[in-house]
Amino acid sequence: MLDKIIEKFLDFFINSDVIQSMKRNESMADFVQKLEDTKFMKHIIKYLIFGVLTTIISLGSFWLLLKTNLNENICNFLSIVIGIVSAYVLNRNYVFESKEKNIAKEFSKFVMARAASSLFDMVAFFIFATCLSLNEMVVKVIISIVVIVLNYILSKLIVFNKKENT
């Protein structure tokens with residue numbers, strides 16, 4: 001069902017006057033051609049949808065954990081763990097549609113990739129929220145945007161690499 005909704009959106013978007021006028025512009029032709037690759041665009045849109053959902057889960061758990069009066073860095077760490085588990089399930093099933101039979105191996109690669117981005121998350125959070133005393137939620141949201149992009153690259157190249165998994 002989600003695929004159908006995305007396809008309808010892409011059809012509408014690609015056939016819009018703005019995109020069609022961009023297509024006639026030589027300097028924009030390559031960019032428009034990439035936009036017209038519906039398989040690629042569906043994949044990106046699904047990643048963004050589930051990335052946002054994972055981020056909401058992570059931010060929501062962080063917010064709830066802050067209410068328990070735990071240390072802000074412990075709350076951040078726990079929200080990262082919750083985000084990693086939910087991200088694996090969503091990415092495996094809905095974004096990359098993995099058929100890998102060795103789930104333990106795939107999950108361990110996912111965790112290792114997320115550990116790298118989480119290390120960035122925790123260090124950046126510590127610097128900006130703890131050391132510089134900036135608003136924890138604002139810092140968390142900004143870092144989360146950077147982490148979404150980093151996680152896509154790592155997932156695509158390392159974890160759900162179909163060449164390696166087949």
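Summary of the structure given here. The residue numbers shown here count from 1 along each chain, following its written sequence. Owing to the predicted nature of the model, reporting of local features is limited to residues with pLDDT of at least 70; listing and counting of side-chain atom pairs is limited to 80 or more, with chain, interface and lining totals taken over all residues. Values shown for side chains rest on all heavy atoms present in the structure; no hydrogens or waters enter the calculation.

Whenever a helix is involved, its axis is fitted only over the stretch in contact; in every case the axis is a line through C-alpha atoms, and angles between N-to-C directions fall within 0 to 180 degrees. For the purposes of this entry, the term helix denotes a DSSP run of H or I that reaches at least four residues, the term strand denotes a run of E that reaches at least two, and both are numbered from the N terminus. Where helix H5 (residues 72-95) meets helix H6 (residues 103-131), the closest approach of the two axes is 9 Å, and the angle between their N-to-C directions is 145°. Helix-helix and strand crossings are classified by hand; for H5 and H6 the assignment is right-handed. Whether a crossing is left-handed or right-handed is set by the direction in which the near helix is turned from the far one by less than a right angle, anticlockwise for left-handed and clockwise for right-handed.

Across soluble globular proteins, nonpolar side chains have a tendency to be buried as a group. The biggest cluster of nonpolar side chains holds 16 residues, and the ones touching the most others in it are Tyr47, Val95, Phe96, Phe110, Val159 and Phe160. For this core, the secondary structure elements donating two or more residues are helix H4 (38-66), H5, H6 and helix H7 (136-159). Counting residues per element, this core draws most heavily on H5, which supplies 6 residues. The set of buried Ala, Val, Leu, Ile, Met, Phe, Trp, Tyr and Cys residues whose side-chain atoms join them within 4.5 Å is what this entry labels a nonpolar core. Only protein chains enter the accessibility calculation, which uses a 1.4 Å probe; a residue whose area is less than 20% of its type maximum is buried, one above 50% is exposed, and one in between is partly exposed.

With that settled, the discussion passes to the side chain of Glu106. By the element assignment, Glu106 lies in helix H6. Note on Glu106: relative accessible area 1%, which makes it buried.

Right, let's get into the packing of aromatic side chains. Note on aromatic contacts: the rings of Phe and Tyr and the six-membered ring of Trp form a pair at centre separations within 6.5 Å, being stacked when their planes are under 30 degrees apart, edge-to-face when over 60 apart, and tilted otherwise. Enumeration according to the criterion identifies 11 aromatic pairs in this entry. Taken together, a centroid distance of 6.0 Å and an interplanar angle of 15° make the contact between Phe9 and Phe13 stacked. Of this pair, Phe9 and Phe13 both sit in helix H1 (residues 2-14), 4 residues apart, roughly one helical turn. Accessibility expressed as a relative area gives 47% for Phe9, which makes it partly exposed. Ring geometry for Tyr47 against Tyr152: centres 4.7 Å apart, planes inclined by 65°, an arrangement best described as edge-to-face. With Tyr47 in helix H4 and Tyr152 in helix H7, this residue pair connects regions lying 105 residues apart in the sequence. Of the two residues, Tyr47 and Tyr152, neither departs from the other in class, the shared state being buried. Following the ring pairs from residue to residue traces out a cluster consisting of Tyr47, Tyr88, Phe96, Phe107, Phe110, Tyr152 and Phe160.

For the rest of this paragraph, the subject is the state of the cysteines. Note on terminology: disulfide denotes any pair of cysteine sulfur atoms within 2.5 Å. As enumerated under the stated definition, the model contains 0 disulfides in all. Free of any disulfide, Cys75 has its nearest cysteine sulfur in Cys131, 17 Å distant. For Cys131, a relative accessible area of 48% gives the class partly exposed.

With that out of the way, let us pick up H1. For an α-helix, the turn length of 3.6 residues means that residues three or four places apart are oriented alike. Expected span of a helix: the number of residues minus one, times 1.5 Å. Taking 1.5 Å of rise per residue, 13 residues should cover 18 Å, and H1 covers 18 Å from first to last C-alpha, within 8% of that figure. The set of residues buried in H1 consists of Ile6, Leu10 and Ile14. The arc that holds the buried residues of H1, viewed along the axis, is 60°, so those residues lie on one side. The exposed set on the far side of H1, more than 90 degrees from its buried face, consists of Lys4, Lys8 and Phe12. The contact criterion used is simple: two residues touch if any of their non-hydrogen atoms lie within 4.5 Å. On its buried face, H1 is in contact with helix H2 (17-24), helix H3 (29-35) and H4. Think of the arc as the fan of directions from the helix axis to the C-beta atoms.

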